[in-house]
Amino acid sequence: MEVPLLDLKAQYATIKDEVLAAVSEVLESQQCVGGPKVTELEEKIASISDSRFAVGASSGTDAILNSLMSLDIGAGDEIITTPFTFFATVGCIARTGAKAVFVDIEARTFNINPELIESAVTEKTKAIMPVHLFGQMADMDPIMETANKYNLAVIEDAAQSITSTYKDRKAGSIGTAGCFSFFPSKNLGGIGDGGMIITNDEQLYERLLIMRNHGSKPKYHHKYIGGNFRLDAVQAAALLVKLPHLDEWSQARRRNAAYYGKKFTGTDVKIPYISPDCVSIYNQYVIRVPRRDEVAAYLSEKNIGCAIYYPVPLHLQECFSYLGYKEGDFPESEKAAKEVLAIPVYPELSDKMKDSVADTIVSFLG
Ligand SMILES: Cc1ncc(COP(=O)(O)O)c(C=O)c1O
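Rules behind the numbers
- Residues numbered from 1 in each chain as written.
- Predicted model: local features only at pLDDT ≥ 70, side-chain atom pairs only at ≥ 80, totals over all residues.
- Heavy atoms only, no water.
- Helix = DSSP H or I, 4+ residues; strand = E, 2+ residues; numbered from the N terminus.
- Contact = heavy atoms within 4.5 Å.
- Core = buried A, V, L, I, M, F, W, Y, C linked by side-chain atoms within 4.5 Å.
- Buried < 20%, exposed > 50% of the residue type's maximum accessible area, 1.4 Å probe, protein only.
- pLDDT = per-residue confidence, 0-100.
- Salt bridge = Lys/Arg side-chain N within 4 Å of Asp/Glu carboxyl O.

Quick look at the environment of lysine 326
- Here lysine 326 lies in the loop between helix H9 (292–301) and helix H10 (331–339).
- In this structure, the C-alpha to C-alpha distance between lysine 326 and proline 347, residues 21 residues apart in sequence, is 39 Å.
- Not counting chain neighbours up to four residues away, the residues in contact with lysine 326 comprise His315, Leu316 and Glu334.

Considering the nonpolar core
- Ranked by size, the top nonpolar core spans 39 residues in total, and within it Leu41, Ile45 and Phe182 carry the most contacts.
- Those elements giving two or more residues to this core turn out to be helix H2 (36–48), helix H5 (140–150), strand E9 (195–199) and helix H7 (233–242).
- For phenylalanine 182, the residues in contact, after removing those within four places along its chain, are Leu41, Ile45, Ile162, Leu188, Gly189, Gly190, Gly192, Gly194, Gly195, Met196 and Leu239.
- Ranked by size, the runner-up nonpolar core spans 32 residues in total, among them Ile64, Ile93, Ala98 and Leu314.

Quick notes on the confidence of the model for the protein chain
- Looking at the protein chain as a whole, its pLDDT mean stands at 98, while 100% of the residues score no less than 70.
- Of all helices and strands in the protein chain, the one with the weakest mean pLDDT is helix H1 (residues 8–29) (97), whereas strand E5 (residues 153–157) scores best (99).

Some points on the pattern of salt bridges
- Evaluated as defined, the whole model comprises 16 salt bridges.
- Aspartate 77 is paired through a salt bridge with lysine 126; the nearest N and O atoms lie 3.6 Å apart. Of this pair, aspartate 77 sits in the loop between helix H3 (60–70) and strand E2 (78–81) while lysine 126 sits in strand E4 (residues 125–129), placing them 49 residues apart in sequence.
- Looking at aspartate 77, the relative accessible area reads 14%, which means it is buried.

Printed below as a string of structure tokens:
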């Protein structure tokens, strides 16, 4: 049975008329950048994320970049983060001129290990950037404790974890700023690129608004060097149609995860560990398996989608060689990179499809 890793057409079929009407409304208004749809989305995302302010962004990447730039992070600064994340987290740090300082992950959650952060703090450290990977939040209490002790900003990369919780607190709402991505594969995905920043800090909010418009305020007067980090109205309109479904979609992903959990009991497949402090939105369902590359090849042969997030930890990427890390520096991240495999978990999966995915893996492992 063919099972894709993600089937966005299945989701689109359920909301097509509404999306087309919403996009058409924007086109008729010809207010294509910013405007009421963007403002409405910002207010709604701030509200569901228990935060005071939200600022739309052109992508999750630009949400991170704007956050760093608005916090005046740049050359000479160090930012502590994880090497086991999507490239954008660290690419943005590097683009500001700041230096990424890595600490390893917790094996079970794939998220930054808070116990390792304090020893990485120097007088140059300006911020900690935890990443809430695959839909589950990092262990925020000890991270905030270290941040408060050394007066550091905390930028939550919540690109994969909108509305997930840690001790009943929403992703992005605990640190200084939280960044979301609306890339189409996210739980709340647009019809193109988009992102958002949330914060409770009014001063930071004002600065984020200025920075997303090339640092201009009033118009054509530039106190700062910002960028074009604006969200399109068409994206906001489509996201407003999808937003009311977000909880039911995440719930369906959790049901799929529970189903797999039962199917994999007693097998060699290690299922994702979700901390009792957390509710995951399962943006990805990532297992660990022996002979991972062979399993992946076998699944592809059987037309079952899977993916490796991420095959090369960032401290071993060629473009970051100047940071001076080497193989062996972050053993848990390196081990994860060799063992992880994401399998389909999208909301529209049927039980038959999940059976097919799980049975194929289990039968291959023998
Ligand atoms: C952890 C993480 N950070 C940042 C991003 C960047 O988001 P975008 O693709 O919207 O620029 C992503 C997107 O995949 C991500 O997964």
